[in-house]
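Breakdown of the fold
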Amino acid sequence: MLADSSLLLRLRMRQLLLIRLLDAERHMGRAAAALNVSQPAATKLLAQAEEVLGERLFERLPRGMLPTPCGEVIAAYARTLLVNFSSARESMAALRSGLSGMLRIASVPGAVNQLVAPALAEFKRRHPQVKVSVVVETSDVLVSLLERGEADLVLGRLTEAHDRGDYAVVPLLEEALVVVVRQSHPFVGHNSVSLTDLSQAAWVVQPPGTPQRTRFDAALREAGITRKLNTTETSSTVMTTALLEVSDMVAVMPESLAQHYGRMGVLRALPLDVPMRVPAINLITSEGRPLSAVAAQFVTLVQHLPRPAATD
């Protein structure tokens, strides 16, 4: 059996265009006219494509043509190829004339410091005319925005509620969760702290169903803690930080976020003896919707950021 690359070398672009037109027109004469070739030439192109692929692609009917199941697959590939080529041309034109328009980023809090901020700072330096909107929320909310076409891309995680086949997913950042408190918290200065030590504390936690909350609940079970904790639920990092600043409450957050607030002198990470890790933060885009020229440029920047070493 020939490799995919060998087949592609034998399958010509004109044949793919004809297959796309035949799927749309369901008539060889109209497809040939749209391709600006004679009907015999179009018939020969189709026969050559079927020979290369080793499959019958269209059924010849008395009054037209109907794609076979294999024909539908190749026609869908041809449609995607043309859409992507059109998108690439738009991107090239936009780069020549200077990017403008709107970029809508949806990000979980843990991606802000190491992914969104550095990539966006460079993006705005290169493309100052582009308007940018950034929504920071939990992954389930963000993927729903992408699903509805209200975000161009997500930096977060797919949840069980979403069909992975609908999205293109590229892992970008793996990170541990750490327990954080205010700088003058009674537990600051302890050499080691356990979840059992903190089970009497008031906690600020993310809502149920979020990856961070799921991992935190699992860590409690692994530590043998079955009692109901005193919790306040919020997905807002600002709310979490404000509560920690004015109380002895405790929270968990991604390590890079904790380091950010540590540099600001606001929070301190405790030396927790139970490591916690959530799934990697991914770049998530819609499989069936090509990226705009603006979004494609941001994606290139965020994918080429230097990656920090994973921590345990």
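In this text the structure is predicted, and so the values were computed from the model without any measurement. (Residues numbered from 1 in each chain as written. Predicted model: local features only at pLDDT ≥ 70, side-chain atom pairs only at ≥ 80, totals over all residues. Heavy atoms only, no water.)

Overview of the sheet that holds strand S3 (residues 101–107)
What the five strands build is an open sheet, ordered S4-S3-S5-S13-S6; its pairing is mixed. The open sheet has two edge strands with one neighbour each: strand S4 (130–136) and strand S6 (167–173). Each adjacent strand pair in this sheet contributes to an overall mean axis angle of 20 degrees, direction not counted. In this sheet, strand S5 (residues 153–156) lies alongside S3 in parallel orientation, the contact comprising three bridges. For Ser107, the partnering residue across the bridge sits in S5 and is Leu155. Here helix H11 (residues 293–303) sits on the sheet in contact with S3, S4, S5, S6 and strand S13 (281–286), set at roughly 45 degrees to S3. (Pairing = 2+ DSSP bridges. Helix = DSSP H or I, 4+ residues; strand = E, 2+ residues; numbered from the N terminus. Axes fitted to C-alpha atoms, helices over the stretch in contact; angles between N-to-C directions. Contact = heavy atoms within 4.5 Å.)

Focus on unusual backbone geometry
One non-glycine residue, Arg26, lies in positive phi territory at about 55 degrees. One can find Arg26 in the loop between helix H2 (13–25) and helix H3 (28–35).

Some points on the side chain of Asp152
Of note, Asp152 is situated in the loop between helix H7 (139–147) and S5. Polar side-chain contacts of Asp152 include one of 2.7 Å to the backbone nitrogen of Arg104. Every residue in contact with Asp152, bar those within four places of it in the chain, is listed here: Met102, Leu103, Arg104, Leu146, Thr285, Leu291 and Ala295. (Polar contact = N/O pair within 3.5 Å; in protein donor to acceptor, adjacent residues only side chain to side chain.)

A few points about the nonpolar core
The biggest cluster of nonpolar side chains holds 33 residues, and the ones touching the most others in it are Leu103, Leu115, Phe123, Leu153, Leu155, Phe298 and Val302. Residues Val181, Val193, Val252 and Met276 belong to the second largest nonpolar core, which totals 22 residues. (Core = buried A, V, L, I, M, F, W, Y, C linked by side-chain atoms within 4.5 Å. Buried < 20%, exposed > 50% of the residue type's maximum accessible area, 1.4 Å probe, protein only.)

Thoughts on the packing of H3 against helix H4 (residues 39–53)
Interhelical geometry of H3 versus H4 gives an angle of 100 degrees and a closest axis separation of 9 Å. Classified by the angle between their axes, H3 and H4 sit roughly perpendicular to one another. On the side of H3, the interface is formed by Met28, Gly29, Ala32 and Leu35, while H4 contributes Gln39, Ala42, Thr43, Leu45 and Leu46. Residue composition of the contact of H3 with H4, by class: six nonpolar, three polar and no charged. (Parallel < 35°, antiparallel > 145°, perpendicular 65-115°, else oblique. Nonpolar A, V, L, I, M, F, W, Y, C, P; charged D, E, K, R; others polar.)

Structural notes on the pattern of salt bridges
This structure, assessed with the given rule, holds 13 salt bridges. With its nearest N and O atoms 2.6 Å apart, the salt bridge here joins Arg125 to Glu122. Placement of the pair is Arg125 and Glu122 together in helix H6 (residues 112–126), with a separation of three residues, close to one helical turn. Taking relative accessible area as the criterion, Arg125 reaches 58% and is therefore assigned exposed. Arg215 serves as the salt-bridge partner of Glu222, at 3.3 Å between the closest nitrogen and oxygen. Look at Glu222 and you get exposed, because its relative accessible area is 56%. (Salt bridge = Lys/Arg side-chain N within 4 Å of Asp/Glu carboxyl O.)

Points about the packing of H6 against H11
In the contact formed by H6 and H11, the axes pass within 9 Å of each other and the chain directions differ by 125 degrees. By the angle between their axes, H6 is oblique relative to H11. As for the relative orientation of H6 and H11, their crossing is right-handed in sense. Residues Leu115, Ala119, Leu120, Glu122, Phe123 and Arg126 of H6 pack against Val294, Gln297, Phe298, Leu301 and Val302 of H11. (Left-handed = near helix turned anticlockwise from the far one by under 90°.)

Focus on helix H8 (residues 211–222)
Here H8 spans 16 Å end to end across 12 residues, near enough to the 16 Å set by a 1.5 Å rise per residue. Within H8, the full set of buried residues consists of Pro211, Gln212, Arg213, Arg215, Phe216, Ala218, Ala219 and Leu220. Those residues of H8 that are buried are in contact with strand S7 (176–182), strand S8 (202–205), strand S9 (230–233), strand S10 (250–254) and strand S12 (276–277). Two residues or fewer after H8 comes Gly224, characterised by a positive phi angle close to 80 degrees. (Expected span 1.5 Å × (residues − 1).)

Digging into the environment of Thr234
One can find Thr234 in the loop between S9 and helix H9 (237–245). Overall, Thr234 belongs to the buried group, its relative accessible area being 15%. Linking Thr234 and Arg125, residues 109 residues apart in sequence, is a C-alpha distance of 34 Å. Leave out the neighbours within four places in its chain, and Thr234 touches Val204, Val205, Gln206, Pro207, Met239 and Thr240. At a separation of 3.1 Å, a polar atom in the side chain of Thr234 contacts the main-chain amide nitrogen of Ser236.

Function-wise, these values are silent; they only describe arrangement.
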